[in-house]
Each structure stands twice: as C-alpha cells, then as structure tokens.
Amino acid sequence: MHKYAMNSAPDFMPVERLRAIQNEKFIKVFRRTYENVEWYRNLLAKHKVDPNDIRSIADISKLPFIVKTDLRDTYPDGMRAAPMEKIVRFHASSGTTGKPIVVPYAQEDLDVWSECVARCLTMFGLDETDVLQVGYGYGLFTGGLGLHDGGQRRGCAIIPAGGGNTTRHLMLIKDLKATAIACTPSYFLHIIDQAQKTGYDWKETKLRVGIFGAEPWTDGMRQFIEQETGIVAHDIYGLTEISGPGVGGDCSHHAGIHIFEDHFYPEIIDPDTLQPLPDGETGELVFTTLDKVGMPVIRYRTRDITRLIPERCACGRTIRRIGRISHRSDDMMIVRGVNVFPSQIESVLTSIDPGLINYQIYLDSNESGLATIEVKLEGTPEMYAAFAEDASRREGLARLVTSKLRDTIGIGFKTTIVDQNAIPRSEGKMKRIVDNRKKD
Ligand code: DLL
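Residues numbered from 1 in each chain as written. Predicted model: local features only at pLDDT ≥ 70, side-chain atom pairs only at ≥ 80, totals over all residues. Heavy atoms only, no water.

(A) Representation of the packing of helix α10 (residues 381–389) against helix α11 (residues 392–409) in the model. Across the interface, α10 lies against α11 with an axial gap of 6 Å and an inter-helix angle of 120°. Judged by the angle between their axes, α10 and α11 are oblique. Each of Met383, Tyr384, Ala386 and Phe387 in α10 lies in contact with α11, whose residues at this interface are Arg393, Arg394 and Leu397. The residue inventory of the contact of α10 with α11, partitioned by class, reads five nonpolar, no polar and two charged. (Axes fitted to C-alpha atoms, helices over the stretch in contact; angles between N-to-C directions. Helix = DSSP H or I, 4+ residues; strand = E, 2+ residues; numbered from the N terminus. Parallel < 35°, antiparallel > 145°, perpendicular 65-115°, else oblique. Contact = heavy atoms within 4.5 Å. Nonpolar A, V, L, I, M, F, W, Y, C, P; charged D, E, K, R; others polar.)

(B) Quick look at the sheet that holds strand β3 (residues 131–134). An order of β4-β3-β5-β6-β7-β8-β9-β14-β13 is seen for the nine strands of this open sheet, with the pairing classed as mixed. In this open sheet, the two strands that pair with only one neighbour each are β4 (157–159) and β13 (308–309). By the bridge criterion, four bridges tie strand β7 (residues 232–239) to strand β8 (residues 244–249) in an arrangement that is antiparallel. The residue bridging leucine 239 from the neighbouring strand is glycine 244, located in β8. The sheet strands contacting helix α7 (residues 185–197) are β5 (180–183) and β6 (209–213), and the helix crosses β5 at an angle near 125°. Against the sheet, helix α8 (residues 219–229) touches β6 and β7, its axis set at about 135° to β7. (Pairing = 2+ DSSP bridges.)

(C) Quick peek at the packing of aromatic side chains. According to the stated counting rule, one finds ten aromatic pairs in the structure shown. When the centroid spacing of 5.1 Å and the interplanar angle of 35° are considered together, the rings of phenylalanine 188 and phenylalanine 212 count as tilted. Of this pair, phenylalanine 188 sits in helix α7 while phenylalanine 212 sits in strand β6, and the two are 24 residues apart along the sequence. A relative accessible area of 0% places phenylalanine 188 in the buried class. You can call phenylalanine 212 buried: its relative accessible area is 0%. Taken together, the aromatic side chains of Phe188, Tyr200, Trp202, Phe212 and Trp217 make up a single cluster linked through ring pairs. Lying across the ring of tyrosine 200, lysine 174 places its NZ or CZ 4.2 Å from the centre. (Phe/Tyr/Trp six-rings, centres within 6.5 Å; stacked < 30°, edge-to-face > 60°. Buried < 20%, exposed > 50% of the residue type's maximum accessible area, 1.4 Å probe, protein only. Lys NZ or Arg CZ within 6 Å of the ring centre and 35° of its normal.)

(D) Inspection of helix α4 (residues 107–123) at higher detail. Look at α4: 24 Å from first C-alpha to last across 17 residues, which is about the 24 Å you get at 1.5 Å a residue. Along α4, 14 of the 17 residues are buried, which leaves the element largely enclosed by surrounding structure. Of the residues trailing α4, glycine 125 is marked for its positive phi of about 85°. (Expected span 1.5 Å × (residues − 1).)

(E) Local environment of the pattern of salt bridges. Enumeration according to the criterion identifies 30 salt bridges in this entry. Arginine 425 is paired through a salt bridge with aspartate 193; the nearest N and O atoms lie 2.7 Å apart. Of this pair, arginine 425 sits in the loop between β20 (414–417) and β21 (433–435) while aspartate 193 sits in helix α7; the two residues are 232 residues apart in sequence, bridging distant segments of the chain. Here aspartate 193 falls in the buried class, since its relative accessible area comes to 8%. (Salt bridge = Lys/Arg side-chain N within 4 Å of Asp/Glu carboxyl O.)

(F) Structural detail: the site of the ligand. With respect to spatial proximity, 21 residues lie near the ligand, and among them Asp235, Ile236, Thr240, Asp304 and Lys429 are the closest. Take threonine 240: an N or O atom from its side chain is 2.5 Å from an oxygen atom of the ligand. Considering the ligand on its own, with 610 Å² of exposed area, one finds that the protein chains cover 95% of that surface. Breaking the shell around the ligand down by element, the ones donating at least two residues are α5 (142–154) and β7. If one sorts the elements of the shell around the ligand by residue count, β7 sits on top with five residues. Partitioned by chemical class, the residues of the shell around the ligand number nine nonpolar, six polar and six charged. (Near = heavy atom within 4 Å. Polar contact = N/O pair within 3.5 Å; in protein donor to acceptor, adjacent residues only side chain to side chain. Areas by Shrake-Rupley, 256 points an atom, 1.4 Å probe, with all protein chains shown as cover.)

(G) Spatial organisation of the environment of threonine 33. By the secondary structure assignment, threonine 33 is in helix α1 (residues 15–36). Classification of threonine 33 by relative accessible area gives buried; the value is 2%. Considered as a pair, threonine 33 and phenylalanine 287 are 254 residues apart in the sequence and their alpha carbons are 15 Å apart. Non-local contacts of threonine 33, meaning those with residues more than four positions away in its chain, are made with Tyr40, Pro296 and Ile298.

(H) View of the pairing of β7. With six of eight residues buried, β7 is to be regarded as a mostly interior element. Examined bridge by bridge, β6 and β7 share five bridges and lie parallel to one another. Counterpart to glycine 210 in the pairing with β7 is alanine 233. Note that the unit made of β6, α8 and β7 has a crossover that is right-handed. (Right-handed = clockwise from strand over helix to strand, strands pointing away.)

(I) Broad picture of α7. With 13 residues, α7 should reach 18 Å at 1.5 Å per residue; the first-to-last C-alpha distance of 19 Å fits that figure. Counting buried positions along α7 yields ten of 13 residues, so the element is predominantly enclosed. Turning to α7, its buried residues are Pro185, Ser186, Tyr187, Phe188, Leu189, Ile191, Ile192, Asp193, Gln194 and Ala195. Immediately downstream of α7, the backbone of glycine 199 shows phi near 65°, a positive value.

(J) Main features of the sheet that holds strand β18 (residues 356–365). The four strands lie next to each other as β20-β19-β18-β21, forming an open sheet whose pairing is mixed. Lying at the two open borders of the sheet, with one neighbouring strand each, are β20 and β21. When strand polarity is set aside, the average angle formed by the axes of neighbouring strands in this sheet is 20°. Relative to β21, β18 runs parallel, the two sharing three bridges. By the bridge assignment, leucine 363 is partnered in β21 with aspartate 435. α10 rests against β18, β19 (371–379) and β20 of the sheet, and its axis sits at about 95° to β19. Where α11 meets the sheet, its contacts fall on β18, β19 and β20, and the angle it forms with β20 comes to roughly 150°.

Remember that the coordinates give geometry; whether it matters functionally is a separate question.
As structure tokens, this is what we get:
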C-alpha cells in the first residue's frame, strides 16, 4: 500500500500500466456501445467508420465525436447501453433551455463514481475522522448525491444539508463540528457574507477543507475564502454526462486538476478543426468513459476549454492534470463583432486587484440596437472599508477597470462597483452572464 491513504493507489500507478488499462477498457466499452446502442451504430455508419478498424486506443482518433445536442436529441434514453433491469438511478444535467440530458446509471456506474469522489476526498486530506457537510443541491443535479455517496464511501460522517438555508448551514458547521464543506464557490461566498453579518467566528468551528466546483472560480476567490475562513479550498471537477463530480480534483499543490484517467480518458481537440492537440496545448476537453455501463460516451465534447498539463505533478501522481476550467466555449459572447470570454474579464480583474472577487456581466442593447456590456463588480469587505474612508478610490478603481478592459478586449465596457452583496447569490451555480439583448 502506498504511503497515501486508501483509494489513492491508482493515482500513482506506473504510466505504462495506466495506458494498458485504458487500452483494455476502451476496446470493451467501444464494443459494448456499438453492440447495444443503435444510435451509435448509425453514427459510425454515417461517418463511414468500420468498427473492425478500432483495435486499440490509438484508433480513437478515427471515431466521430458526440456532442450535447446528440444527447438531447436522443432524450430520454436513446443512448442507454444496458437493459432497464440494470439501471438503478437517473440524473440529469441542468440545461437552461429545452429538454435536459438524462443519464441512466447502473450499480457499477454508481460504484465507480463514488470511488472517484472518495479518491478526490483522499487527495483533499479527508478520512474517516472527517465530518463532511454537503451543501450542493440533492436531486437530479449530481452535486449533492455525488458528494454524499463519495463521502460515505470514504468513511466520513455526512451532513446532507443540501443547498440553501445559510443560517442553518452556519449552525450545523459549528454544532456538528463539520471539518469539510462541499458547495459551489459562489454559494460559499454567500455563506461567508452571512457569517460576517452575524458576527460568526470561524475560529470557533472545526472547518478545515472546502470542496468547490460545478462552476468556474478564480485563484482570487480561493485566496479570499482561505484568508477569511482559515480553510484550504480544493477544486472538484465533473459533469453529468461523464458521471458527476469527481472526474478529477486538485491535490495539495493546487496546480491543476488531476483526472482519474483510469476511468475517464481525456483528449484535447481544436474545436474548429476537431483535430487532437498535443499535451500542453489549449483546446476543448473531450472524454471517453472507460467503464460506464448505463450510458457510456465515446469522445464526448465537453465544451470546457483547458489543456492537459504535460509535466508530472510534484505530488507524484501519474494521472495527468488539466488546467483549471476558466471557461466554456459556449460562454463566448459576441459583442459588436468581438469575441468576449468571461475568463478574459476575470484575468483583467485579478491583474488589477485580487480583492475584486465577484462579478456579473450584463448584456443589453441601446436605443439604436447596438449591444452594450456592463460589468458589475464586488470586492472584499476590506475594499469597502477603504471606500468608506475615501470614496474617490471606488471611482478610481472603476475607471482603471474600464480602461484596462477596453485596452485588453478592444471594446468599451461600463464598469460599476456595486455595494457589498449586491450581486445576487444563488444556492447552485452562479449566473455569470445576464443577456437582456433583444432577440430577433
Ligand atoms: O456541475 C457536476 C459537479 C457537481 C461538479 C459538483 C463539481 C461539483 P453539470 O451540472 O453537468 O455537472 O455541469 C458540468 O460544470 O462541464 C463545467 O463547465 C462546469 N464545472 C464543473 N466543475 C467545475 C470546476 C456538475 N471545478 C459543467 N471548475 C462542466 C469549473 C466546472 N467549471
């Protein structure tokens, strides 16, 4: 057994062994999907791929991609690869429009999923002595039940608090001696605000680890959270189509997200040419589920933009890392002909003042129908304290952000530093972009 705690051994296996496992599993999952999913057979026929040509994982690049709309079009279960008797649960992705994407899970899928969440928790330094408060929503969303089952598998005592009811969250952290909390990073900012308003003392709690994911968050937010509460903030990544939270997470070096490659095979492709990119280059993340029974996906385009980090992590894990997910390709806004990503705005904010921890982007159109873009910003309590002493600092900062955004992105922005807590908080994923433009 490795010196690290349980669940972590596969993270450290020799790379050759890892590649052999991937190869073996890939062939099996490919065959299973081909045999059991008519839609997939049709897809290969459409792309003129002969399944007999797929003999090892090296052949993966011959296969077509699966995209979100394919999963939507096959709603509710056209991608199911196992008989209904094998299915023990459904989850669904939080689509904003139209039908959700429904994912059927076999018991084997729930086992792999909770094992991967447990591996994440081990990586975050949790064990059976920990008390994990789950603040993700329970239900079709994978956050709540994912952390719940994984935490239980790791042997933690679970507090299934769910999303919302911030006062109760703060009470339970203290009274049940929670040592870890899992929720969206934006919801944790809200918990911090509430704590501050009520004179809550984090030092009186046992909380030491935060498990944040389901939406992009910045290093500035990490710093703020850690300073404000004294906990260590970890990143957890995942998506419903692949299983849920626990596709990967960051280790104590916080230098990217380790992917559990023995279950989820990652590739990076150029989203325009669809060609695979070498490790180190930024593009769209694509996953193949290597063990899925209920609904395997082969070369699923996630829309998440990142890179596979070529260097081995200082922690010694052999499984590769991806860079933190700062944006999705479908987050791109086209404003007056210019492509704008929230991550560009975010890096301008961080470069000016890491105390600018929260923002929301408002798109609108003026009387002449021209698109306008406004960034509403919120800072740390210290920042508001400084504004209270000298109001001109608030205007000065807003002006600086406006000019740097214009210089960096090339279009005019309106910048407003709103009052503390004025950006609406959500229990689940934060809505970064509010698009009020008139649609034709
Ligand atoms: O958000 C699963 C999850 C639950 C992950 C709880 C982590 C914690 P979906 O609702 O299907 O599943 O959304 C998946 O959320 O493609 C990313 O764009 C984004 N996302 C998830 N984790 C992170 C993260 C869950 N750590 C989509 N950083 C993904 C940035 C993330 N974005």
